[in-house]
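Structural overview
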Amino acid sequence: MNKFLLFISALLIAFGIDAQETKLTGTIIGVRPNNDNNVAEKAFDGDLNTFFRGDYYNSDYNRLWVGLDLGKEHVITKIGFAPRQDSDYAKKAVLSVFQGANNPDFSDAMPIAMVKEEYEKGKMHYIPVNVSMGFRYVRFMGASGVKGSVAELEFYGYEGVGDDSQFFQVTNLPTVAFNTPNMSEILSKEDKHPGSTVYVISEDGTRIFADYNCQMKGRGNASWNNPKKPFQIKLDKKRNILPDAPAKAKKWTLINNYGDKTLMRNMVSFEMSRLIGMPYTPYIRFVDVIYNGEYEGCYQLCDQVEVNPGRVNVTEIEIDETTHEPVDPNADISGGYLIEIDGYANNEPAGGWFTGNYASYSIPVTIKSPDDLTKASKPYLYIKAHFEKFLANVLSWQAANNVGMIEKYLDLDSFLKYVLVGELNGNTDTFWSTYMSKEVGSDKFVVGPVWDIDLGFNNDNRTYDINKRFIYDYLCLSDNVSYASNGFRDVVRRIIKENPDSRARLKEIWEDMRYNGNWTYGYFDEKIEEWVDEIYESQYLNFVRWPILSSSVHMNPGSRGSFRGEVNAIKEYLLARFVNLDKIIGIKSPSGIEDVVATPEPGVVKYYNLSGIEVSADDLTPGIYIKVDSTGSEKILVK
Ligand code: CA
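Residues numbered from 1 in each chain as written. Predicted model: local features only at pLDDT ≥ 70, side-chain atom pairs only at ≥ 80, totals over all residues. Heavy atoms only, no water.

As for the sheet that holds strand 18 (residues 361-369)
As summarised here, the arrangement of the five strands in space is 17-18-16-19-20, forming an open sheet in which the pairing is antiparallel. One side of each edge strand has no neighbouring strand; the edge strands of this open sheet are strand 17 (353-358) and strand 20 (446-447). Where strand 19 (residues 433-438) and strand 20 come together, two bridges link them in antiparallel fashion. Bridge pairing in strand 20 places S437 opposite V446. (Pairing = 2+ DSSP bridges. Helix = DSSP H or I, 4+ residues; strand = E, 2+ residues; numbered from the N terminus.)

Examining the coordination of the calcium ion
Taken together, K42 (O), D45 (OD), D47 (O), T50 (O), T50 (OG1), A151 (O) and E152 (OE) make up the protein donors of the calcium ion, found 2.2 to 2.7 Å from the metal. Site description for the calcium ion: donor spacing in sequence, K-x2-D-x1-D-x2-T-x100-A-E. A residue pair is termed long-range when its members are at least 10 positions apart, and T50 in the loop between strand 2 (27-30) and strand 3 (65-82) and A151 in the loop between strand 7 (134-141) and strand 8 (152-159) qualify at 101 residues. (Donors = N, O, S within 2.8 Å, 3.2 Å for Na, K, Ca; no water.)

Considerations on the packing of helix 6 (residues 412-425) against helix 8 (residues 500-516)
For any two helices packed against each other, the geometry is given by the interaxial angle and the distance between the axes. Packing of helix 6 against helix 8 leaves a shortest axis separation of 10 Å and a crossing angle of 60°. Viewed along their axes, helix 6 and helix 8 adopt a mutual orientation that is oblique. The crossing of helix 6 and helix 8 is right-handed. Between helix 6 and helix 8, the contacting residues are L412, D413, L416, K417, V419, L420 and L424 on the first element and S502, R505, L506, I509 and W510 on the second. Class assignment of the residues belonging to the contact of helix 6 with helix 8 gives a composition of eight nonpolar, one polar and three charged. (Axes fitted to C-alpha atoms, helices over the stretch in contact; angles between N-to-C directions. Parallel < 35°, antiparallel > 145°, perpendicular 65-115°, else oblique. Left-handed = near helix turned anticlockwise from the far one by under 90°. Contact = heavy atoms within 4.5 Å. Nonpolar A, V, L, I, M, F, W, Y, C, P; charged D, E, K, R; others polar.)

A look at helix 8
Between its terminal C-alpha atoms helix 8 stretches 24 Å, which fits the 24 Å expected from 17 residues at 1.5 Å a residue. Along helix 8, the residues that are buried comprise S502, L506, I509, W510, M513 and R514. All buried residues of helix 8 fall inside an arc of 130° around its axis, so they share one side. For helix 8, the secondary structure elements touched by its buried residues are helix 3 (265-276), helix 5 (403-408), helix 6, helix 7 (486-498), helix 9 (521-545) and helix 10 (563-585). With a side-chain oxygen positioned 2.9 Å from the backbone nitrogen of D501, the residue opening helix 8 is N499. Once helix 8 finishes, N518 follows within two positions and takes phi at roughly 70°, a positive value. (Expected span 1.5 Å × (residues − 1). Buried < 20%, exposed > 50% of the residue type's maximum accessible area, 1.4 Å probe, protein only. Arc of directions from axis to C-beta. Polar contact = N/O pair within 3.5 Å; in protein donor to acceptor, adjacent residues only side chain to side chain.)

A closer look at the domain arrangement of the protein
Domain annotation for the protein reports domain 1 (3-159), domain 2 (175-303), domain 3 (337-516) and domain 4 (581-639). Using C-alpha coordinates to define each centre, domain 2 is positioned 45 Å away from domain 4. (Domains from an automatic or database assignment.)

A closer look at unusual backbone geometry
One can expect most non-glycine residues to show negative phi and most peptide bonds to be in trans. Backbone torsion omega between S369 and P370 reads 0°, so that peptide bond is classified as cis. Counting through the fold element by element, P370 comes out in the loop between strand 18 and helix 4 (378-395). In this structure, the amide linkage connecting G448 to the following residue, P449, adopts the cis form with an omega of 5°. With respect to the helices and strands, P449 occurs in the loop between strand 20 and helix 7. In the Ramachandran plot, N182 falls in the positive-phi region, its phi being about 55° despite a non-glycine side chain. Checked against the element boundaries, N182 lands in the loop between strand 9 (175-179) and strand 10 (193-202). A positive phi is found at N292, a non-glycine position, where the angle reads about 50°. Turning to its location among the elements, N292 is positioned in the loop between strand 14 (284-291) and strand 15 (294-303).

As for a negative patch on the surface
Where like charges cluster on the molecular surface, the negative patch consists of E316, E318, E321, D371 and D372. Relative to the elements of secondary structure, E316 occurs in the loop between strand 15 and strand 16 (337-342). Exposure remark for E316: the relative accessible area of 52% places this residue in the exposed category. (Patch = residues over 30% accessible without salt bridge, like charges linked within 9 Å, V, L, I, M, F, W, Y side chains within 5 Å. Areas by Shrake-Rupley, 256 points an atom, 1.4 Å probe, with all protein chains shown as cover. Salt bridge = Lys/Arg side-chain N within 4 Å of Asp/Glu carboxyl O. Lys, Arg positive; Asp, Glu negative; His and termini not counted. Charge placed at Lys NZ, Arg CZ, Asp CG, Glu CD.)

Here we look at helix 9
Structural remark: α-helix, 3.6 residues per turn; residues separated by three or four positions point the same way. Helix geometry: helix 9 is bent most strongly at I535, by close to 60°. Those residues of helix 9 that sit buried are F524, K527, I528, W531, V532, I535, S538, Q539, L541, N542, F543 and R545. Taken together, the buried residues of helix 9 touch strand 5 (110-114), helix 3, strand 14, strand 15 and helix 10. (Bend = angle between axes of the 7 residues up to and from the residue.)

In structure tokens:
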């Protein structure tokens, strides 16, 4: 807002004159109607029985809209909305978004209001708008399935360019709203849309981050196949997308969490990673996402896992895109690298991955950084050879009794912490995708970050119920589901099972976290409830958008029918998981509880209450008991 306008508005306020709200008029604009009857004018004819309806141009992708060109900028204060009366259009209109823009193509459109509830048919409803910026163009973007249909619209406000003090946030979470040029659909993770606009609105709408020349694209492997799509934002230049993000960077991810109906498996796991002191834990925030005017649900705004200060902080090797060799021919190519032991490695271009070979093993590895290499380039040959040295050292039989061989090419603590986070969250992809980095001048791979936990916390039908399997990754290494290759299974086995020194170190780290480090059920129970509160409104809207709470999607082993039920399931999992891992790793549980039993077994097992009185299995109410069988006794918690 320029100084003159600030002065004028200050004067108006000083004299108690408020800008007058009036019903606004303008040129009616919209996408083509589906027939000669349901034209855009029908949304502004004052008749609740007539309606606008847009025409499909793509059955899977209809961002259909109708609105007004107000001729000049206006600050919108209120919107009148009446849903189409027939069929279930009032219900389908929920999540429709109102946008304001100053470019006629709406490339700069931002959300100003949303239909958050089903409105009664046959009357006008007035939605207050609290956005201080003026817009020349305003429109109604029909929610998915409503086909743009609306019986009647009214926009209220006053003329003025307004200011940038107040914007619309869908819920208490930051809102990420982005537009691709011409609202083109993002079709794949390779389908790039330069010239896109992204807004991040936070702090109760008082802060806005904007980039009018970013690139949007899809991302993810299995997760791209879900109807709720994951995206990558690539900003025009390196910036902090939210003030608390530690990295200034171009690339940010929007994680969809479709198969994770708690929406927080990554959040809980990143907290585990932070607490145990992984060298790098990615930035993560819950957000609401609006994509080309359509509400897409509750997402996580995260770092891109890449080499960057504040992320994987190793030296970046700059590669010449013509020669595919380092720009500086004298550069020390011993670092830095970011690689990923990766079950999907063979989808990468030829110079972007290799197999690490040793004896009969071949392990697929993606080179995340530097990229743009060829198989003949020096960095490619260097990192492949170095990875193979690591394999040879760990897998040779002598390493079973020589932790020094394991540690020569591996930062052992980062590996063990990574293993323990994977064990605690029970993520079956822990070794399907394992990141490692290597800094210049160091021989050692540092493991991490922890990433992509949607199958964790018992969310994988191939391994459910992990707690009933008793041990999952730690010793039960014959499971085929979670490893990028058999070779990597043997690397893990060598380090956490066969070598007594590294195994002792694993136990030491676990015990320290359990007794001194907040790796307790009580800590996570409290954090999970905080996150439930934080996303409560957003999760509600998310599951209006994606009504999947009663179905099994992706690799779900089942469904609990509600968000609360899903959250309770991860808590139940964690309660039992801590106790099981204490037992497997060989420490006494800090709580003193040695087992968690959902369904007590009758028969040869006897149960005693804490007064020493025997209780029959059928009479066990939730609480603590002593369980006695032929192998001995233990304290159990009955849920
Ligand atoms: Ca009408």
